[in-house]
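# Examining the three-dimensional arrangement
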Amino acid sequence: MGNPVPLQMTVNGEQVASIVAPRLLLVHYLRDVLGLTGTHVGCDTTNCGACTIHLDGEAVKSCTLLTAQADGAEITTIEGLAGDDGLHPLQAAFMDKHGLQCGFCTPGMIMAAADLLARNPNPSDEEIRHGLEGNLCRCTGYHNIVEAVKAAAGSGATA
């Protein structure tokens, strides 16, 4: 299995240090070691996007990254997106615009949308749909998800 790997990273603004198995996936480290269960495991193949997080400011799918690859990185999960004053505008917009049903895909959708809005603060419907292409929802039509991202964009939301 290989020798354990020491690592340090910043997760949701807090420094963490661990010794991990070299083959431990980042999604399992976040969920099982750090207890950040908002990042979901859906497919283990990057197809569904439920495991989307921000790694050094960019949306990535944590189910196909080794934890050791994140050594020295800054990671934000859905738990770290909200501020001290409440929900992030995307989180609030998903609630207000009914952009979720079961909620399983929602953290990944929100993290992908936050990345999109950081790069394009006023996307068109087509740009939103393209920005969320790697995230699958099995419960809703995507209309309300797009509406939620547009509402958050209108509020000036950025990651």
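Model, not experiment: these values are computed from the prediction.

## Considering helix α3 (residues 89-96)
- Within α3, burial applies to L90, Q91, A93 and F94. One side of α3 carries all its buried residues, which in axial view fall inside an arc of 165 degrees. Within α3, the exposed residues directed more than 90 degrees away from the buried face are M95 and D96.
- Looking at the residues trailing α3, positive phi occurs at H98, about 55 degrees.

## Comments concerning the side chain of S62
- Structurally, S62 can be placed in the loop between β4 (58-61) and β5 (74-76).
- Residue classification places S62 among the buried positions, given a relative accessible area of 0%.
- At 2.8 Å, the side chain of S62 forms a polar contact with the backbone oxygen of C51.
- Leave out the neighbours within four places in its chain, and S62 touches L25, L26, V27, T39, C51 and I53.

## Comments concerning the pairing of strand β1 (residues 5-11)
- For β1 and strand β2 (residues 14-20), the ladder comprises seven bridges, and the chain directions are antiparallel. Residue pairing for β2: T10 is matched across the bridge by Q15.
- Connecting β1 to the antiparallel partner β2 that follows it, the hairpin turn spans two residues, and N12 within it adopts a positive phi of roughly 55 degrees.

## Overview of the sheet that holds β5
- Strand order across the open sheet formed by five strands is β2-β1-β5-β3-β4, with mixed pairing between neighbours. Since the sheet does not close on itself, it has two edges, and those belong to β2 and β4, each with one partner. Between one strand axis and the next, the sheet turns through 40 degrees on average, direction left out of account.
- Relative to β5, strand β3 (residues 52-55) runs antiparallel, the two sharing two bridges. Bridged to H54 within β5 is T76.
- With respect to the sheet, helix α1 (residues 26-33) is in contact with β1, β2, β3 and β5, its orientation differing from that of β2 by roughly 110 degrees.

## A few points about helix α4 (residues 106-119)
- Compared with an ideal rise of 1.5 Å per residue, which puts 14 residues at 20 Å, α4 spans 20 Å between its outermost C-alpha atoms and is within 8% of the ideal.
- α4 sits mainly inside the fold: twelve of its 14 residues count as buried.

## Considerations on the nonpolar core
- Of all hydrophobic cores here, the largest spans 23 residues; its most connected members are L90, F94, M109, L132 and V149.
- If you list the elements that add at least two residues to this core, you get α2 (78-81), α3, α4 and α6 (143-154).
- In this structure, V16, L30, L36 and L55 belong to the second largest nonpolar core, which totals 15 residues.

## Thoughts on the environment of G108
- Summarising the element assignment, G108 is placed in helix α4.
- Residues G108 and H54, spaced 54 residues apart in sequence, show a C-alpha to C-alpha distance of 9.9 Å.
- Once residues lying within four places of it in the same chain are set aside, the contact partners of G108 are G49, A50, T52 and N135.

## Structural notes on the packing of α4 against α6
- Packing of α4 against α6 brings their axes to within 11 Å, and their N-to-C directions diverge by 45 degrees. With respect to α6, the axis of α4 lies oblique. With respect to the hand of their crossing, α4 and α6 are arranged in right-handed fashion. In contact with M109, A113, L116 and L117 of α4, α6 contributes I145, V149, A152 and A153.
- Split into classes, the residues belonging to the contact of α4 with α6 amount to eight nonpolar, no polar and no charged.

What counts, and at which threshold
Throughout, residues of each chain are indexed from 1 in the direction in which the sequence is written. This being a predicted model, a pLDDT of at least 70 is required before a residue's local features are given, and a value of 80 or more before pairs of side-chain atoms are given or counted; all residues contribute to the totals for chains, interfaces and linings. Derived side-chain values reflect all non-hydrogen atoms in the structure, with water molecules and hydrogen atoms excluded from consideration. Only protein chains enter the accessibility calculation, which uses a 1.4 Å probe. A residue is then buried if its area is under 20% of the maximum for its type, exposed if over 50%, and partly exposed in between. A helix here means a DSSP run of H or I that spans at least four residues, while a strand means a run of E at least two residues long, and both kinds are numbered starting from the N terminus. The directions from the helix axis to the C-beta atoms are what the arc is built from. Polar contact criterion, stated in full: a pair of N or O atoms within 3.5 Å, where within protein one must be able to donate a hydrogen and the other to accept it, and residues adjacent in sequence count only if both atoms are side-chain atoms. Contacts are assigned to residue pairs with any non-hydrogen atoms lying within 4.5 Å of each other. We treat two strands as partners when DSSP finds at least two bridges between them. Comment: axis = line fitted to C-alpha atoms, over the contacting stretch for helices; angle = value between 0 and 180 degrees taken between N-to-C directions. The span expected for a helix works out to 1.5 Å for each residue beyond the first. We call a set of buried residues a nonpolar core when its members are Ala, Val, Leu, Ile, Met, Phe, Trp, Tyr or Cys and they connect through side-chain atoms within 4.5 Å of each other. Roughly parallel means an angle under 35 degrees; roughly antiparallel, over 145; roughly perpendicular, 65 to 115; everything else is oblique. We call a crossing left-handed when the near helix sits turned anticlockwise from the far one by less than a right angle, and right-handed when that turn is clockwise. Throughout, the ten residues Ala, Val, Leu, Ile, Met, Phe, Trp, Tyr, Cys and Pro are labelled nonpolar, Asp, Glu, Lys and Arg are labelled charged, and all others, Gly among them, are labelled polar.

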